[in-house]
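Each chain, letter by letter, is given below.
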Amino acid sequence: MTTATGAGGLMPDRHPTGDFFVCDLFGASPKDDLGTMEHPIFSLSTRPDRRILNYTHNGVEVSVTPSVKGRATIHDKDILIYCISQLVAALNAGRAISRTLTLRAHDLLVATNRDTSGDGYTRLKEAFERLAGTRITTNIQTGGMETTSGFGLIEAWEIRRRSRGGRMVSVSVTLSDWLFRAVEARSVLTLSRDYFRLRKPLERRIYELARKHCGRQPAWKISLATLHKKAGSAAPIRVFRAAMRRMAAENHLPDYEMIEGEGDIYQFSRRETVTEPVPRDALMPQTLDAARALWPGADVYALEAEWRAGAAARGPGGDGNKAFLNWVRARRSAG
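About the criteria used
Along every chain, residues carry numbers that run from 1 in the direction the sequence is written. Totals for whole chains, interfaces and linings use all residues, but because this is a predicted model, local features are given only for residues with pLDDT of at least 70 and pairs of side-chain atoms are given and counted only at 80 or more. Hydrogens and water are ignored here; the side-chain numbers use all heavy atoms of the structure. Throughout, exposure labels follow a simple rule: accessible area from a 1.4 Å probe, protein chains only, divided by the maximum for the residue type, with under 20% read as buried, over 50% as exposed, and the rest as partly exposed. Labels follow the DSSP assignment, with helices taken as runs of H or I lasting at least four residues and strands as runs of E lasting at least two, numbered in each case from the N terminus. Pairing between strands requires that DSSP locate at least two bridges from one strand to the other. To form a nonpolar core, buried Ala, Val, Leu, Ile, Met, Phe, Trp, Tyr and Cys residues must be joined to one another through side-chain atoms within 4.5 Å. For this analysis, a salt bridge means a side-chain nitrogen from Lys or Arg found within 4 Å of a carboxyl oxygen belonging to Asp or Glu. In this analysis, axes come from line fits to C-alpha atoms, helices being fitted only over the stretch in contact, and the angle between any two N-to-C directions falls in the range 0 to 180 degrees. By the convention used here, residues are in contact when the closest approach between their heavy atoms is within 4.5 Å. Angular relationships are summarised with four words: roughly parallel below 35 degrees, roughly antiparallel beyond 145, roughly perpendicular across 65 to 115, and oblique for the angles in between. Throughout this entry, Asp, Glu, Lys and Arg are counted as charged residues, while Ala, Val, Leu, Ile, Met, Phe, Trp, Tyr, Cys and Pro are counted as nonpolar. The remaining residues, Gly among them, count as polar. Note on aromatic pairs: the rings of Phe, Tyr and Trp (six-membered ring only in Trp) are paired at centre separations within 6.5 Å, and the planes decide the class, stacked below 30 degrees, edge-to-face beyond 60, tilted for the rest. Both site types are read off a 1 Å grid over the protein atoms alone. A 1.4 Å probe that fits but cannot get out defines a cavity, while an open set with protein on both sides within 12 Å along at least five of seven lines defines a pocket; lining residues have an atom within 4 Å of a point. Grid points are joined across faces, edges and corners, and a volume is the space filled by probe spheres set on the points.

> Explain the pairing of strand β2 (residues 53-57) to me, and be specific about the residues and the numbers.
The side chains of a regular strand alternate between the sheet's two faces. Side chains of β2 alternate between two faces, with Leu53, Tyr55 and His57 buried and Asn54 and Thr56 left unburied. Hairpin geometry of β2 and strand β3 (residues 60-65) is characterised by an intervening segment of two residues between the two adjacent antiparallel strands and by a positive phi of about 50 degrees at Asn58.

This is the structure in C-alpha cells:
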C-alpha cells in the first residue's frame, strides 16, 4: 500500500491485506461515483446534522433533507463506495448486476478499515438508517422541461443476524436508481485505499474533490471561497481557512499535495501518477464539463447512460468523446 507523506496523521490500517479474506471487490480498487464527488451531499459534522442543505452550482440545484436521525455523513458514504466498487468489479468481470446487493457485514467493515467489534456493527446499522432517511431533491432538465425529482441514497436495507442476539451476518442494500445509473455509465473514479484511513470528515471531502477535479491533469487550482462552497462546510470562511492551512501543513492527503498560494488560491498536485485502468470508451472529465456547458442543469451522468445505451445498439465507431458531445447537442435541440 502506498502511504502519503506525513502518514502519521492517518488512522492505522486495522486490517492489512494479508489478514483478511479478499472478496471479489478488492481484487479491484475502491470506486466512488462522480455525482456525489461533485456535489456536497454528505454531512461533515460528527454530531447529528438535521439541517437542510441547499446547494446551487452551474445551474444545478441540490437540496438534501435529513431524517430525525440526521443527514448521512461522509463516513456513512463508505457503504456506498463499497457497494459501487462491488458492482463495478462485477461489470468488469462480465457479470450481470442489479440495484440490490447482499454483502457480508464483516467484509464491509474490514474493507473500509472500520472496527469489527460490537460497536462497529452498531455504528453500521446507524449508518444504514441515515443513508435511507436522507432525501435528495434536484432539478434535471429533460425534453426541454425542468423536472424536479426526489430520491434517497439507498432505497432499502436489511440486516440478517444469527439467532439469540448474535452479530449481523449479512446485509442487503438496494441502491437508488440515480447511483445505479452512475455505475452502469461507469461514471466512477478509483480512490486510494488510504481514503478509509483519513480521520477527519473535511479531509475526506477535500481528497475526493482533488481526485475528481485533478483528473489526469498534473495540478488543479481553486479559490478558497469556491472550495468552501463545494466542500459543503458549515464552518465560517475564517474557520475553514484555518482548517485548510492545517491540512496543507500536515500534508497527508493520499495521492495529492496541497499548497496555499497568494490570494486565497489552493493548488492540488499529484504526488505521483494516479494509476487506474481506463476503459477504451471512457469519456474524459473535460468532455463531461463540456456537456454541462452545452446543457446547463442537465444530469450528465443520466445523459451518458442514455447515450451509451444507444451507442451499444449502434455498435462501436469513432471518437467517443466527440460523438457524445454531438449527441448532446442533437438531443437538446430535439427535445
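> Outline the environment of Pro201, listing residues and values.
Of note, Pro201 is situated in helix α6 (residues 201-214). Relative accessible area serves as the criterion here: at 11%, Pro201 is assigned to the buried category. Linking Pro201 and Leu44, residues 157 residues apart in sequence, is a C-alpha distance of 5.1 Å.

> I'd like to hear about the nonpolar core, residue by residue, with values.
Of all hydrophobic cores here, the largest spans 83 residues; its most connected members are Ile206, Leu227, Met244, Phe268 and Phe324. In terms of residue count, the dominant contributor to this core is helix α2 (residues 77-92) (eight residues).

> Can you tell me about the pattern of salt bridges, naming the residues and giving the values?
By the definition in use, this model includes 21 salt bridges. The salt bridge partner of Lys212 is Glu38, with a shortest N-O separation of 3.0 Å. Placement of Lys212 in helix α6 and of Glu38 in helix α1 (residues 34-38) is noted, with a sequence separation of 174 residues between them. Residues joined by salt bridges that share partners form a network here, namely Asp32, Lys77, Arg205 and Glu208.

> Account for the sheet that holds strand β12 (residues 265-270), naming residues and giving values.
Pairing between the strands of a sheet comes from backbone hydrogen bonds, and it takes one of two forms, parallel or antiparallel. Strand order in the open sheet formed by three strands is β10-β12-β11, with antiparallel pairing between adjacent strands. Each edge of the open sheet carries a strand with a single partner, namely β10 (219-223) and β11 (256-261). For this sheet the average axis-to-axis angle between neighbouring strands, irrespective of direction, equals 20 degrees. Each of β10 and β12 is contacted by helix α7 (residues 224-231), which is oriented at about 95 degrees to β10, the strand it contacts most.

> Run through the packing of α6 against helix α8 (residues 237-250), naming residues and quoting values.
Two measures define how a pair of helices packs: the angle their axes make with one another and the distance between the axes. Two elements in contact, α6 and α8, have axes whose closest approach is 11 Å; the angle formed by their N-to-C orientations is 75 degrees. In terms of axis orientation, α6 runs roughly perpendicular to α8. Between α6 and α8, the residues in contact are Leu202, Glu203 and Ile206 and Phe240, Ala243, Met244, Met247 and Glu250, respectively. Of the residues in the contact of α6 with α8, the class split is six nonpolar, no polar and two charged.

> Break down the packing of aromatic side chains for me, citing the residues and quoting the values.
Aromatic ring pairs are reported here in terms of the distance separating the ring centres and the angle at which the planes meet. Summed over all chains, the structure comprises seven aromatic pairs. With a centroid separation of 6.0 Å and an interplanar angle of 55 degrees, the aromatic rings of Tyr207 and Tyr256 are classed as tilted. Of this pair, Tyr207 sits in helix α6 while Tyr256 sits in strand β11, and the two are 49 residues apart along the sequence. The same class applies to Tyr207 and to Tyr256, which are both buried. Linked through ring pairs, Tyr195, Phe196, Tyr207 and Tyr256 together constitute an aromatic cluster.

> Quick one: what's the story with the layout of surface pockets, residue by residue and with numbers?
If you add up the space inside the second largest pocket, you get close to 510 Å³. Forming the boundary of the second largest pocket are 30 residues, of which Thr73, His75, Arg114, Arg123 and Arg130 lie nearest the centre. Elements with a minimum of two residues in the lining of the second largest pocket: α4 (118-133) and α6. Sorting elements by how many residues they give to the lining of the second largest pocket places α4 first, with five residues.

> Can you explain the environment of Cys214? Please cite residues and give values.
Topologically, Cys214 is positioned in helix α6. As a C-alpha pair, Cys214 and Tyr256 span 42 residues in sequence and 9.2 Å in three-dimensional space. Discounting chain neighbours no more than four positions away, the residues touching Cys214 are Leu209, Ala219, Trp220, Tyr256 and Phe268.

Such coordinate-based values are descriptive only and should not be taken to indicate function.
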